[in-house]
Amino acid sequence: MNQKNNLFKKVGSFIFDNKVMIAFAAICLAAIVLSGSPMTFIVDGVFTRITRNTFTVLALIIPVLAGLGLNFGIVIGAVAAQIAVFWVVYWGFGGFSGILLTVLIATPLAILFGYLVGKLFNQMKGAEMIAGLILGYFADGLYQLLFLVIIGGVIPVNNPKLIISQGVGVKNTIDLTGNLKYAIDSVRMVDIITVFFYAVLAITVIKIILHLVKKLKLSRSDFILFGVSALIFGVSYIPEIERFLSTDRLALLDAFTSALVILAILQIIKLIKSIWVEKEPASALVKPVLLLLVYGALYGLTYIPAVEEVMLYVKLPVLPFLLIAALCWFNQKILSVRLGQNMRTVGQSLSVAMASGINADQTRVIAMVISTVLASWGQIIFLQNIGTFSTYGAHTQIAQFAIAALLVGGASVQKATNKQAIIGVILFHTLFIVAPQAGKELFNNAQIGEYFRVFVSYGVIALSLAMHAWKQFRKTSQSTPGDMALPGAPLQEAVDGGS
Amino acid sequence: MKTLKTFYENFGLPRLIIAGFFILLVVASIILGFSPAVLFSDVVKRWLMYGTLVLAMVPGIQSGIGLNFGISLGISSGLLGAVLAMEISFLRDWNTTLGMGAPWLTLLLALFFGVILAAIVGTLYGMLLNRVKGSEMTVSTYVGFSVIAFMNIVWLSLSFKNGELSWPLQGQGLRNTASLSGSFGGLLSNPDVVQATQPKWLHWLAFRVGEFTVPLGLILVFAFLCLLVWLFLRSKSGIAMSGAGENQLFTTSSGINVNQKRIQGTMISTVLGAVGIILYAQTYGFLQLYNAPLMMGFASVASILIGGATVRRARISNVLIGTLLFQGILVTALPVVNEVVEIGTLPEVLRIIISNGIILYALSKTKGENQ
Amino acid sequence: MDEQYLLSMSNISKEYYGNRVLKNVTLNVKPGEIHALVGENGAGKSTLMNILFGMPVIYATGGFEGQVSLDGEVATVDNPHAAMDYGIGMVHQEFMLIPEFTVTENIKLGREIGHKTALSRIFGNLLEKLNWDQMSRDSRKALNSIGMMNIEEYTKVAGMPIGYKQFVEIAREIDKTGIKLLVFDEPTAVLTESEADRLLEIMRLIAEKGIAIIFITHRLTEVMAVADSMTILRDGEFVARKDVKDTSLANIAELMIGRQVEKLVEDDLLGERELSDENIALEFIDYYVDMPGERVKGMNVKIREGEIFGFGGLAGQGKIGIANGIMGLYDTEGEVLVRGKTLDLSKLGEALRNKIAFVSEDRRGVGLLLGESIERNIIFSAMQINDEFLKGIGPIKILDKATADKHAKNMIKLLDIRCTGPSQAVGSLSGGNQQKVCLARAITMIPEILIVSEPTRGIDIGAKKLVLEYLTKINRELGTTIVMISSELLELRSLCDRIAIVSEGKVFSVMKPDDPDAAYGLAMAGVREEVAL
């Protein structure tokens, strides 16, 4: 009985905590059904958009952690990327080396911009979101000034493909075909493995040298990592596997299967560990076994013809997904270092953080720099995947859509996780894909669907901001200004202002 | 020296730059040989066109809700009022039954609907803002955006008979821009329209002196609205409202319900927004639906800030000066820039940089004070 | 200077903007000793502690005179970090804890233990990996050492009882390496009685480890219970250093308060009047005000018609809440009667309509519209409540500028407000003149009862005298009943007919201005005389 109650409570609180997400999932489902679009179309579209947008959405997480709220200023990161893309295209670079050069130019720019934005936000604590929004528009203005007037007008640029015929100002769209288009998407798996192996090799060698010179401890995990990468590298020479790895796209089915296999292997290792190494009681084995069964069942699902068709139809570019995974790992990992803990503290209470000797301003600036740099990389991934660079439009909506996606995933102004970002991207972009068709079926007007999705993206942000503000307001109105008259207040204030 | 310094501090560097820039543009345009009369006619027209929308900022700021980015609510109400009035006028065929009175009645009806709607919406909006004290600007910006997006759906779903409003041959959805030339467009400001449609005794509404156009009707209406707001701010109720905006505890301790006063300010601001967009459309000659009003709130906010208002205090003079400077720059920049560099979009870029720059500046100022 | 002292602050003087708040104060603390620092509000305790911690506020205002020594050696503590390095810690009265963090995270806040990684070697210690195992072990140890076995180091602080939060703060200080001296600033103010007892026990436990404690409190009984010795400050001056065993409650109280009653108001103003217990102007029955930090908890008192009635008491005890409740700034319970008629305090402005006017203690926060003119400030309430200074234009009433201007000019002359004219913004006036504007606004209401809260806080002596004399004058000439709430006993005793000392949200006792100092001291500390004697 008690357990049942508990279960009810758990389900109840799950629904309550994820109300935004659940409501949105329901809307998506309804729209999918209404639109009557084929699943291949929808799933393919969603995965394309996951490739394009997830990185940018994940770039929003660190500022939330550090108490800066939703970073409307990521537009500035995108602008940095676009400046870099323009020059790289102008200089005639392309392919993966072109991408590397783009990153090389965009990153320092983004660091500089992020630093300035962070400094500005430190001047406007508590108003970061509105400031970020306006700053985005302001940056857009400066960007237009650069691309419309300065390029060609002040800096001589002569390229009829890029510049408007009068010789001043960049054209509305820049075609990336033949230079940067798919430059990240089309990296072959085997190349990734090779690079990965050599990178691990280099790091291991350095570590061994350090070990010998500076008596640094080498941990077991270093060797395991090296062993695993060497193994994969070696396996990739088996002709069958090499042929498979020589492609740049992975069928969703293959990706899904390999993901299940890896997860299953991890669970089996866990099982082995708990049975023979740690000798845990049988109850500890239930979860891994259950998970293994679930994986099996999931694999079984792929044999359903409809599912199989979709899964064979959809092809994923490999490197972008690896980059997304790496960013998730980074967002997680940063919590375990001092910087991450400082960010959490600053995010929870500025005054307590400062009183504990944490340099709050610096921490906030670092958070903004990281977010801006990540946003600029995200924009590079976005542009190379789309293949046409809309000079004056590519960046204008990114903050809007990225933030809406994050919120749809159940995040708030104060809390955001990788999981919420990914779920948010999936739900938000599903709606984006199916809404026009659903609008057409329902109202005989595809545009209504289009407007509806825009409305939803604005509305979800408005709702989330209002709910946050309401919560803040209720919190502050509980401790009204009378607090200032507390005894010992001067000492307290001085502590707050200290360091 | 000291007074010069305080003047500089009060005025602020951005405002100084903007004012200087305006003067520079005016001088440049005259040197380049543009007719000052034509140029100034244009400046005056644009000044009056945007004036009421900027005036709408005053009650909002004074009541303490800050810069009302949510003026889109009022704008949407006004547009809806105008659209309804035009449809009624078409259905009743006022143009034939009423003759010269038709545009007047349409205009009044548009104002009537707009004001009623805005009063209701503004009250609800004020209630929302009372729950999000301290973050009004962030919330109102997105509420404003959402409303525009929502109205897009509304415009698209309405099916009207009036051919000026609806797409031909489609039966559903309104046009992006609806011409007001057959209705109240230019009724108060365009000499050609006035002379063509109105009897002689009304020709004073808009006339020309040489090359200079005097939109006297519009001037009077705008002056009347300014006077109303000015009177309100000096009334018992208005003084209480300004108090609520400046110091909530003070006002509460004087026995005034601060939340009610904030709702009042928001409501008046929204109503002025509705009136403002109708006057705007009247002057412009077109009704702009869909995303056209999306950033109008920003322009209004920027104008009043340029005029010297802060996030907490605004006066009628801020409206007059700010709108004149902001619109003046945009109007004079276009011909000058075209003459010099031939980039047609430059004034638009200028608008974005100036308006957002000044808002950013104002925000950084207030937060600095609060800490 | 004695070698045996751990901390020795000698001949400390400090000025804030020409205002001398500390004059040659000496504070000596031995190792392992619990040393109480007692004195009224404004006696200089906070400033002394700010100096000890090297707070920026001290250095931003020109530093201090005198010498601080630790372990017999001269110490320069010019920033809070230096204080930490010297082994001086503080247990804050308001918790410096993050509710969403675990106990361990809070204890280690800003002092997380990390170990070096390859990345941190290149990019600095921000990238050090945190060692949570080590940190929870440390936290456990710190909690155990203060006997808090039942606080789990891995639980979140949110939702803990207040007492536990305080203990977590103490554990944090104990966890700091080399802690030698701990300052407890009013630690028991927010605790329940049993929690407070527990805290005192913990203080003894800590002292036994050889850590010295400076204990700041208003509760003299706690001082008697736990402290070994004490330093008494009064008006920024050192009064005495005493061992607890050599003294008594009454003795301490007298030392805290003791001073000559100087004349703040000339005698000829204080003529005799008829005051009758039959004629009650204002009565509080079981009155509660929910003002954070200044709660009123069940107050009963009657104020006679034509009386000047004072409310005194220490900060935080609730005297400030009395007026703020009637003003409608905070929720109230219970009854307030004006000449026998109950006020409906749920209606805003109810008191004003019943001819009660206020001058708030929070001049800039509540009392004034800083951005508006003197004139607008003076007429605001009278206009809103009594419909004065208005003229009708058709159906709307607008400001009657001429009358308002005339009235403001009169007030400026009457109260000697130094300004350029009625249109000057009050934000640019000096504190004393701002206070006069507040007073002018209240008088413009022509009140029958005038409540003034901290009327002389932060104003110069000339303005102070003028304000107090004016209050006396309107009381004598117009018969206005005056309720004066003040932290300055001297001020209350120089013009009030009776003074109620407020303690823990209630009226502790109603006293006469000429009652002995010791009686006042004990009442302020909330100690019944019979206990003390």
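The structure displayed is predicted, hence computed values, not measured ones.

Draft legend 1. Highlighting the overall build of chain C. Helix and strand counts for chain C stand at 20 helices and 24 strands. Computed over its C-alpha atoms, the radius of gyration of chain C comes to 26 Å, within 12% of the 24 Å expected for a compact globule of 533 residues. The dimensions of chain C, computed from C-alpha atoms along their principal axes, are 80 × 60 × 45 Å. Residue burial in chain C is summarised as follows: out of 533 residues, 51% are buried. Intrachain contacts of chain C at a sequence separation of at least 6 include 69% that bridge at least 24 residues.

Draft legend 2. Fine view of the domain arrangement of chain C. Residue and element names in this part refer to chain C. Parsing chain C into structural domains produces domain 1 (1-86 + 180-247), domain 2 (98-177) and domain 3 (267-524). The C-alpha-based centres of domain 1 and domain 3 are spaced at 36 Å. Contacts between the two partners involve five residues from domain 1 and, on the opposite side, five residues from domain 3. Residue composition of the side of domain 1 that touches domain 3, grouped by class: one nonpolar, three polar and one charged.

Draft legend 3. How the structure looks around the sheet that holds strand β17 (residues 341-342) of chain C. Residue and element names in this part refer to chain C. If you trace the four strands from one edge of the open sheet to the other, you get β14-β13-β16-β17, paired in antiparallel fashion. One side of each edge strand has no neighbouring strand; the edge strands of this open sheet are β14 (296-304) and β17. Here strand β13 (residues 280-289) runs beside strand β16 (residues 332-338); their pairing, made up of six bridges, is antiparallel. Counted as the bridge partner of Val 289 is Thr 332 from β16.

Draft legend 4. The arrangement of the nonpolar core in detail. Counting 430 residues, the largest nonpolar core has Leu 60 of chain A together with Met 203, Ile 213 and Phe 215 of chain C as its most contacted members. The element best represented in this core is helix α17 (residues 360-386) of chain A, accounting for 15 residues. Residue contacts for Phe 215 of chain C: discarding those within four places in its chain leaves Ile 34, His 35, Ala 36, Leu 37, Phe 184, Met 203, Val 226 and Ala 227 of chain C.

Draft legend 5. Geometry of unusual backbone geometry. Located in the positive-phi region is Asp 93 of chain B, a residue other than glycine, with phi close to 55 degrees. Among the structural elements, Asp 93 of chain B can be located in the loop between α5 (72-91) and α6 (94-97).

Draft legend 6. Up close: the interface of chain B and chain A. Chain B puts 38 residues into the contact, and the matching count from chain A is 43 residues. Looking at the side of chain B that touches chain A, the elements with two or more residues in it are α7 (101-131), α8 (136-157) and α16 (346-370) of chain B. If you tally residues by element for the side of chain B that touches chain A, the top one is α8 of chain B, at 14 residues. Residue classes in the side of chain B that touches chain A are distributed as 21 nonpolar, 13 polar and four charged.

Draft legend 7. Broad picture of the packing of helix α15 (residues 338-348) of chain A against α17 of chain A. Residue and element names in this part refer to chain A. Between α15 and α17, the shortest axis-to-axis distance is 10 Å and the interhelical angle comes to 110 degrees. Relative to α17, the element α15 lies roughly perpendicular. Along its contact with α15, which presents Leu 339, Asn 342, Met 343 and Val 346, the element α17 presents Ala 360, Thr 363, Arg 364, Ile 366 and Ala 367. A class-by-class count of the residues in the contact of α15 with α17 yields six nonpolar, two polar and one charged.

Draft legend 8. Geometry of the confidence of the model for chain A. Looking at chain A, the pLDDT average stands at 84 and 93% of residues meet or exceed 70. For chain A, the element scoring lowest by mean pLDDT is helix α21 (residues 489-497) of chain A, at 31; α17 of chain A scores highest, at 94.

Draft legend 9. Local environment of the environment of Asp 400 of chain C. Residue and element names in this part refer to chain C. Mapping Asp 400 onto the fold places it in the loop between β20 (396-399) and α15 (401-414). C-beta crowding within 10 Å serves as the criterion here: with 18 such atoms nearby, Asp 400 is assigned to the partly exposed category. When the C-alpha atoms of Asp 400 and Leu 390 are compared, they prove to be 4.7 Å apart, with ten residues separating the residues in sequence. Here Asp 400 is in contact with Phe 389, Leu 390 and Lys 391, once residues within four sequence places are set aside.

Draft legend 10. Region of interest: the confidence of the model for chain C. Averaged over every residue, the pLDDT of chain C is 85; the share at 70 or more is 95%. Across the interfaces of the predicted complex, the ipTM metric reaches 0.84, alongside a pTM of 0.85.

Draft legend 11. How the structure looks around helix α12 (residues 286-301) of chain A. Given a rise of 1.5 Å per residue, 16 residues ought to cover 22 Å, and the 23 Å separating the end C-alpha atoms of α12 of chain A matches this to within 8%. The buried fraction of α12 of chain A amounts to one of the 16 residues, a small share that puts the element mostly on the outside.

Draft legend 12. Highlighting the pairing of β13 of chain C. Strand direction decides the pairing type here: β13 of chain C and β14 of chain C, joined by seven bridges, are antiparallel. The partner of Glu 283 of chain C across the bridge, within β14 of chain C, is Lys 302 of chain C.

Draft legend 13. Molecular detail of the sheet that holds strand β15 (residues 308-312) of chain C. Residues and elements named next belong to chain C. On the basis of which strands lie adjacent, the open sheet formed by six strands has the order β18-β21-β22-β15-β23-β24 and mixed pairing. Unpaired on one side and paired on the other, β18 (356-359) and β24 (506-511) mark the two borders of the sheet. Taken over all neighbouring pairs, the strand axes of this sheet differ in orientation by 20 degrees on average, direction set aside. Where β15 and strand β22 (residues 481-485) come together, four bridges link them in parallel fashion. Opposite Gly 310, over in β22, you have Met 484 as the bridge partner. Running over the sheet, helix α16 (residues 431-444) touches β18 and β21 (449-453) and is turned about 175 degrees from β18.

Scoring rules and cut-offs
- Residues numbered from 1 in each chain as written.
- Chains lettered and ligands numbered in written order.
- Predicted model: local features only at pLDDT ≥ 70, side-chain atom pairs only at ≥ 80, totals over all residues.
- Helix = DSSP H or I, 4+ residues; strand = E, 2+ residues; numbered from the N terminus.
- Rg over C-alpha atoms; globule rule 2.2 N^0.38 Å.
- Buried ≥ 20, exposed ≤ 12 C-beta atoms within 10 Å, placed from the backbone.
- Contact = placed C-beta atoms within 7 Å.
- Domains from an automatic or database assignment.
- Nonpolar A, V, L, I, M, F, W, Y, C, P; charged D, E, K, R; others polar.
- Pairing = 2+ DSSP bridges.
- Core = buried A, V, L, I, M, F, W, Y, C linked by C-beta atoms within 7 Å.
- Axes fitted to C-alpha atoms, helices over the stretch in contact; angles between N-to-C directions.
- Parallel < 35°, antiparallel > 145°, perpendicular 65-115°, else oblique.
- pLDDT = per-residue confidence, 0-100.
- Expected span 1.5 Å × (residues − 1).

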